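Examining the three-dimensional arrangement
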Amino acid sequence: MKNKKFKLVLAVAGLAICSQAADINWIGVTGQWTNALNWVGGNVPDIGGTDNAVISSGTASYDPSDADFSVNTGSRLIIDGGTWKQLSGAWMSFPGGQFEVSSGGSLQAGANVLVLSGGGSNSVDGSASSLTVSGNNKVSIEGGSSLSVSGGATATLPRVTM
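Now for a quick tour of the structure. Residue positions within a chain follow its written sequence, with the count starting from 1. Local features in this predicted model are restricted to residues of pLDDT 70 or higher, and side-chain atom pairs are both shown and tallied only at a pLDDT of 80 or more, whereas totals for entire chains, interfaces and linings draw on every residue. With hydrogens and water set aside, each side-chain value is computed from the structure's full complement of heavy atoms.

**Observations regarding the environment of Asn-122**
Numbered from the N terminus, helices here are DSSP runs of H or I no shorter than four residues, and strands are runs of E no shorter than two. Summarising the element assignment, Asn-122 is placed in strand 12 (residues 121-125). Think of it in three bands: residues with accessible area under 20% of the maximum for their type are buried, residues over 50% are exposed, and the middle band is partly exposed, with areas taken using a 1.4 Å probe on protein chains only. Overall, Asn-122 belongs to the buried group, its relative accessible area being 2%. Put simply, Asn-122 and Gln-98 are 24 residues apart on the chain and 5.3 Å apart in space, counted from C-alpha to C-alpha. Aside from chain neighbours lying at most four places away, what touches Asn-122 is Phe-94, Gly-97, Gln-98, Phe-99, Leu-116, Ser-146, Leu-147 and Ser-148. Any pair of nitrogen or oxygen atoms within 3.5 Å is treated as a polar contact; in protein, a donor-acceptor pairing is required on top of that, and neighbouring residues in sequence qualify only through side-chain atoms on both sides. For Asn-122, the side chain forms a polar contact with the main-chain nitrogen of Phe-99, separated by 2.9 Å. By definition, residues are in contact when any of their heavy atoms lie within 4.5 Å.

This is the structure:
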């Protein structure tokens, strides 16, 4: 019986380790988010819960002409010195997913609506780090999610609902 319990514990531990999102790194150019050649390993991150997208330099631009931009539970958008820019319109949402902006990084949302929901902890931290929602667009923080701006970082949020 002890052997079976040990195997079950190992199996559960293995599931926990395998379920962590993998970091997929931007190569540091200025280019389109959807171009696989702009990512180390040649794959656009699956931010539907499988991967974390890490932008440490350069600018990743997203053109939402085909779809809204969404980072789901289990995934993070990590902007650690680089820039992420949504070019226009559509929605940008984090239903349980998270963003972290640090080291002078910049998240520039041209979204009609930026939605933080599902309990994600979102942060902008450090001098020269910034979050900018352009125009008169709406920011909605709901469902137990949070947004922290600290360490000299700035956030420009025209309309916020909580």
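**Quick look at the pattern of salt bridges**
Any carboxyl oxygen of Asp or Glu that lies within 4 Å of a side-chain nitrogen of Lys or Arg is treated as forming a salt bridge with it. Counting across every chain of the model gives one salt bridge. Residue Glu-100 is joined to Arg-76 by a salt bridge in which the shortest nitrogen-to-oxygen separation is 2.7 Å. You can see Glu-100 sitting in strand 9 (residues 98-102) and its partner Arg-76 sitting in strand 6 (residues 76-80), a full 24 residues away along the chain. With a relative accessible area of 23%, Glu-100 lands in the partly exposed category.

By themselves, these observations are geometric and do not establish any function.
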